[in-house]
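One letter stands for each residue in the lines below.
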Amino acid sequence: MKKFLALALALVMVFALAACGEPATEETTPATEPAGEETTPAGEETTPAEGDTILVGFAQVGHESDWRTASTQSAYDVFNADNGYEMVFVDADQDVQKQIEALRNFIQQGVDYIILDPIQATGWDQVLTECEEAGIPVIIIDRTVDDSDKYISWVGSDFTTEGVAAGEWLKAYAEAKNIEELNILVIEGSVGASATLGRTEGFKQVADREGWNIIASQSGDFTEAGGQEVMESYCQSYAGQFNVVICQNDNEAYGAITAMDNAGVTYGVDGDVILVSFDAAKTALGLVQEGKLNACFECNPLAAPFVDEDVIQVMEAGGTPEKEIYMTETWFVAEDILESITVNGEEMPLVQVTDEVLAGRAY
Ligand code: AHR
């Protein structure tokens with residue numbers, strides 16, 4: 001019955017979206033997924049689920065970065081018919097209202113589980129209450145919800161630790177290179193996202209302790225275009241005044257590189273500016289190996305297998321999953337002058353990017 005209701009509502013949604021000219025199917029197509037099958041459940045719903053198929057609704061942030069593409073692909077790799085799932089996927093295109101609407105549609109469709117990667121850290125209690133009242137477990141991935149506990153589990157990364165790690169690495173690196181003064185520009189992620197808040201806070205903890213000069217800190221919205229735009233304005237406003245650029249994701253770093261190239265600013269191992277990013281997508285690790293990025297702090301996008309094994313399968317077996325599940329991450333560097341850094345009292349290895357490291361990188 002639940003599946004029949006889902007079919008009917010899904011078809012209504014498909015026609016409604018078509019009537020609005022919504023380009024959803026194009027925007028959300030991951031590399032290996034045929035267009036038109038993933039954003040609307042139409043293809044799946046016309047062949048109703050058999051037996052114990054688990055219907056999952058996934059409200060994704062958008063498609064702003066390489067990291068996000070890997071996260072979406074990870075969901076398709078796990079929540080498919082081979083593994084006993086059907087997935088209704090919504091790309092919210094960094095629009096919080098679209099994401100809230102997606103959750104409400106999932107309730108109407110009667111999905112078995114909702115997966116939410118929240119664009120912003122707050123503003124969720126009302127809709128999560130609605131999910132709870134509908135009896136649908138919500139699993140949060142990646143970014144956190146900071147104003148509601150009405151979810152079963154969260155699977156993700158410790159963004160504050162990532163920011164602290166970047167700061168501790170910069171301190172150790174500057175000492176090793178005898179760089180006495182650090183004048184820092186930060187390109188932040190999307191405003192209000194917990195990934196932005198955590199990385200900003202963690203890095204600032206070290207910067208404040210060390211008395212570094214953070215000249216400016218502006219949002220590049222986690223996109224390449226945003227990173228380029230912010231860096232272009234930094235190059236104009238602060239020419240010759242900075243020697244560190246911290247980009248809160250890889251795509252912003254790609255944009256910052258273009259802007260610095262155009263402005264004649266040198267960066268990386270042989271340049272005037274120390275360049276750092278977060279995520280560690282394969283393209284960025286290639287830049288680390290080339291010495292264009294000095295360091296890159298991983299944020300793991302592959303939450304889907306954890307959601308499957310450690311949350312949904314536990315619940316299907318009648319158990320209670322952990323409320324918080326942290327994924328492990330690695331700190332990558334271009335040079336072999338430092339072996340490790342101490343982050344929050346714990347010694348953590350630094351991994352130099354080699355051919356072997358790159359070859360083993362899946363995304
Ligand atoms: O929430 C994770 C962040 O969001 C990643 O660092 C970034 O690339 C993505 O857009």
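Residues numbered from 1 in each chain as written. Predicted model: local features only at pLDDT ≥ 70, side-chain atom pairs only at ≥ 80, totals over all residues. Heavy atoms only, no water.

As recorded by an unreviewed UniProt entry, the chain carries the name ABC transporter substrate-binding protein and is attributed to Candidatus Scatomorpha merdipullorum. Of the chain, the UniProt comment under Subcellular location (unreviewed entry) reads exactly: "Cell envelope". Taken verbatim from the UniProt record of the chain, the Sequence similarities (unreviewed entry) comment is "Belongs to the bacterial solute-binding protein 2 family." (UniProt positions renumbered as here; feature names shortened; annotations may be inferred.)

**Q** Is there a simple way to think about empty space enclosed by the protein in this case?
**A** Using a probe with the size of a water molecule, rolled over the atoms, empty space left in the structure can be pinpointed. Following the criterion strictly, the structure yields 3 cavities of 30 Å³ or more and no others. Roughly 80 Å³ of volume is contained in the largest cavity. Lining the largest cavity we find Glu64, Ser65, Trp67, Arg68, Asp142, Arg143, Ala195, Arg199, Phe222, Asn249, Asp279 and Cys299. Looking at the lining of the largest cavity, the elements with two or more residues in it are helix 4 (66–78) and helix 8 (194–210). (1 Å grid on protein atoms, 1.4 Å probe; cavity = no way out; pocket = protein on both sides within 12 Å on 5 of 7 lines; lining within 4 Å. Points joined across faces, edges and corners; volume = space filled by probe spheres on them. Helix = DSSP H or I, 4+ residues; strand = E, 2+ residues; numbered from the N terminus.)

**Q** What's the story with the site of the ligand in this structure? I'm lost.
**A** In the vicinity of the ligand, the contacting residues are Glu64, Ser65, Trp67, Arg68, Asp142, Arg143, Ala195, Arg199, Phe222, Asn249 and Asp279. In this structure, aspartate 142 approaches the ligand through a side-chain N or O atom, which is 2.7 Å from an oxygen atom. Alone, the ligand offers 280 Å² of accessible surface; in the complex the protein occludes 100% of this. Its atoms largely coinciding with the cavity grid, the ligand occupies the largest cavity. (Near = heavy atom within 4 Å. Polar contact = N/O pair within 3.5 Å; in protein donor to acceptor, adjacent residues only side chain to side chain. Areas by Shrake-Rupley, 256 points an atom, 1.4 Å probe, with all protein chains shown as cover. Sits in = over half its atoms within 2 Å of the grid points.)

**Q** Hey, could you run me through the sheet that holds strand 1 (residues 54–60) in this one?
**A** Strand pairing in a sheet relies on backbone hydrogen bonds. The paired strands run either parallel or antiparallel. Judged by pairing direction, the sheet is parallel, and its 6 strands sit side by side in the order 2-1-3-4-5-11 without closing on themselves. The open sheet has two edge strands, strand 2 (85–91) and strand 11 (324–326), and neither has a second partner. Adjacent strand axes in the sheet meet at a mean angle of 20°, parallel and antiparallel pairs treated alike. As defined by bridge partners, strand 3 (residues 113–116) adjoins strand 4 (residues 138–141) across 3 bridges and the pair is classed as parallel. (Pairing = 2+ DSSP bridges. Axes fitted to C-alpha atoms, helices over the stretch in contact; angles between N-to-C directions.)

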